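Take a look at the letters that make up each chain.
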Amino acid sequence: MNLVRFLKKVDELADSCEKKHLAVFIHEMARLFEEEKREEFLERLARAASGAIKEYNVEDDKLAEEYGSVSEALKKIEEGELVLYEEYNDEYDDWYNSMAEEFLYTDSDGIQDILEAACSFVHKCVDQCMFADGADIGERLFALEIQLDSEYDMGVFTLEDLRYHQLLDADLSSAALDALYCIYHSCPIEKRPEEIYDLICNAGLKELGIESLMQHGDEELPEFDTFLDAWIRFLSDKTGAISNRLFQEALSLKDDFAFSVEAARSCAGTHPELYLKLLEPNSDASEETMLDLGVEALDLIDRASSVRGEVALMTADFAVRSGKPDIAEMCYVESFRSSLEPIHYLRALLNSRNAGETPRELDQIWEETPKATWSCSDLYAIEFLTRNFVKVLTAKRGMGMQTALGWSGSFMKQCFAIYNGRIRQRFGERRGG
């Protein structure tokens, strides 16, 4: 229970008490005070009896004064007036003492104390419902870049860098949730998604999300359903690992399969991973529905996406269980089209009932693929599977190595193993084994 709700409840109970009951309560509380606090209690009680204490108001608290000092200190860090000092560690040696830190950092300007005070301030803002001030300090805190004074020009540090180098003891997860809580309660709903998203990205904490924010306060977040819809719309055109995680979390909070399917269709270009989530076997949808959903995903997701390859394999499983081998075979081919790896080629080939058409389709996919950035291992493995034996045998990074050294970056070892297996198979056939 935060301070504001606590004091409101105290006031309500005090208004409902008779004078004699309040006197009994004051006497009982006074009995519990430690000896060193009794004089202070008597002074406060005397001031209250004389009417010297005015009615309590959160705005009259010292928090506003603390905001000014914390804000000014952060400004000095933001402008590079306060910095961390970096120097080379003479004891570091990348061969004999690689466990030592290469650089050492000194916080002569007291940056750690300032940042820990900022984290504490944001928490006080949550406690006393001073959300606007807490949001301002929280956003600046997690967007902060600390300048390094160094002859090596190593750039800047973030809060995570400070924690890694043991220059910050604050609980950043709690501080980030406090900041998000302040943003949620102080920011207009039309701007709230962007502000929350920016802080989550700046914080870089994997556990940070809307569900953890919902559990952070002591009451339900106001206007949450309206916010959740706005949040989903905001994330729909964002890309990257963080937005994918948050988007899937948002749809799970929505808890509506039909809604999630529509979202997957409209966001197949930005959030193809959603189809992987929808195709998980714990869904209540029928296998036929899931099969149709998977086939639809193959049409909508970019062919070059590795996610599409995973969707193809999941869809193939539904096709096999549904007794539709043609669709399963198509999915195996599509898995190779989107994830050009030897294992996908083999899977498609070995599960094909059409000994002529499937190899031709796989070979065509491979022929149309740019190969400049491929590793030798995968490149020549697929060349071997596509029966380009001359190319494998003559290519320098294939089997054409003419020197005794330098094999590690070529296809030599893998190819010897493949040819050896084939020779042993033929020898066994001749011997009748």
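So, how was this worked out
- Residues numbered from 1 in each chain as written.
- Predicted model: local features only at pLDDT ≥ 70, side-chain atom pairs only at ≥ 80, totals over all residues.
- Heavy atoms only, no water.
- Phe/Tyr/Trp six-rings, centres within 6.5 Å; stacked < 30°, edge-to-face > 60°.
- Helix = DSSP H or I, 4+ residues; strand = E, 2+ residues; numbered from the N terminus.
- Buried < 20%, exposed > 50% of the residue type's maximum accessible area, 1.4 Å probe, protein only.
- Lys NZ or Arg CZ within 6 Å of the ring centre and 35° of its normal.
- Pairing = 2+ DSSP bridges.
- Axes fitted to C-alpha atoms, helices over the stretch in contact; angles between N-to-C directions.
- Parallel < 35°, antiparallel > 145°, perpendicular 65-115°, else oblique.
- Left-handed = near helix turned anticlockwise from the far one by under 90°.
- Contact = heavy atoms within 4.5 Å.
- Nonpolar A, V, L, I, M, F, W, Y, C, P; charged D, E, K, R; others polar.
- Salt bridge = Lys/Arg side-chain N within 4 Å of Asp/Glu carboxyl O.
- Core = buried A, V, L, I, M, F, W, Y, C linked by side-chain atoms within 4.5 Å.
- Expected span 1.5 Å × (residues − 1).

(A) Structural view of the packing of aromatic side chains. Throughout the structure, instances matching the rule amount to 10 aromatic pairs. Between Phe227 and Trp231, the aromatic rings sit 5.8 Å apart at their centres with planes inclined by 20 degrees, giving stacked as the arrangement. Of the two residues, Phe227 and Trp231 are both situated in helix H11 (residues 224-235); the distance of four residues between them amounts to about one turn of the helix. Pairing Phe336 with Tyr345 gives two aromatic rings, centres 5.4 Å apart and planes at 80 degrees, and the pair type is edge-to-face. With relative accessibility at 0%, the residue Tyr345 sits in the buried group. Ring pairing ties together the aromatic residues Tyr184, Tyr197, Phe224, Phe227, Trp231 and Phe234, which thus form one cluster. The ring of Tyr184 carries the charged tip of Arg192 above its face, separated from the ring centre by 4.3 Å. Over the ring of Phe259 we find Lys254, and its NZ or CZ is 5.0 Å from the ring centre.

(B) Molecular detail of the sheet that holds strand E3 (residues 146-149). Strand order in this open sheet of four strands is E2-E1-E3-E4, and the pairing throughout is mixed. Only two strands of the sheet have a single neighbouring strand rather than two, namely strand E2 (103-106) and strand E4 (156-157). The pairing of strand E1 (residues 84-88) with E3 spans two bridges and is parallel. Note that in E3 the partner of Leu84 across the bridge is Leu148.

(C) Inspection of the packing of helix H9 (residues 192-203) against helix H12 (residues 241-254) at higher detail. One can describe the packing of H9 onto H12 by two numbers: an axis separation of 11 Å at closest approach and a directional angle of 125 degrees. Here H12 runs oblique to H9, going by the angle between their axes. Helix-helix and strand crossings are classified by hand; for H9 and H12 the assignment is right-handed. Every residue of H12 that contacts H9 at Tyr197, Ile200 and Cys201 is listed here: Ile242, Ser243, Arg245 and Leu246. Looking at side-chain class alone, the contact of H9 with H12 contains five nonpolar, one polar and one charged residues.

(D) Quick peek at the pattern of salt bridges. Under the criterion given, the structure shown has 17 salt bridges. Measuring nitrogen to oxygen at the nearest pair gives 4.0 Å for the salt bridge that ties Lys277 to Glu280. In this structure Lys277 comes out as partly exposed when scored by relative accessible area, which is 43%. Overall, Glu280 belongs to the partly exposed group, its relative accessible area being 28%.

(E) Quick peek at the nonpolar core. Counting residues in hydrophobic clusters, the biggest one holds 104 residues, and the most contacted among them are Leu115, Phe142, Leu162, Ile196, Trp231 and Val311. The element contributing the most residues to this core is helix H8 (residues 172-186), with 10 residues. In this structure Val311 touches Tyr275, Leu276, Leu279, Gly294, Ala297, Leu298 and Ile301, once residues within four positions along its chain are discounted.

(F) Seen up close, the side chain of Thr358. Position of Thr358 among the secondary structure elements: in helix H19 (residues 357-367). The residues contacting Thr358, other than those within four sequence positions of it, are Val333, Ala348 and Ser352.

(G) Quick look at the packing of helix H6 (residues 131-142) against H8. The contact between H6 and H8 brings their axes to 8 Å, and the two run at 130 degrees. Our classification of the angle between H6 and H8 gives oblique. Considering only the axes of H6 and H8, their crossing is left-handed. Note on element contacts: H8 touches H6 through Leu172, Ala175, Ala176, Ala179, Tyr181, Cys182, Ile183, His185 and Ser186, opposite Phe131, Ala132, Gly134, Ala135, Gly138, Glu139 and Phe142. Residue composition of the contact of H6 with H8, grouped by class: 11 nonpolar, four polar and one charged.

(H) Expanded view of the pairing of E3. Residues Ile146 and Leu148 of E3 are buried on one face, while the alternating residues Gln147 and Asp149, pointing to the opposite face, are not. Direction of pairing for E3 relative to E4: antiparallel, over a ladder of two bridges. Residue Gln147 lies in a different strand from E4, and its bridge partner there is Val156.

(I) Up close: H12. Across its 14 residues, H12 extends 20 Å between first and last C-alpha, which sits within 8% of the 20 Å expected from 1.5 Å per residue. Where H12 is concerned, the buried positions are Ser243, Asn244, Leu246, Phe247, Glu249, Ala250 and Leu251. Of the surrounding elements, those touching the buried residues of H12 are H9, helix H10 (210-214), H11, helix H13 (257-266) and helix H14 (273-278). Once H12 ends, the next one or two residues include Asp255, with phi positive near 55 degrees.

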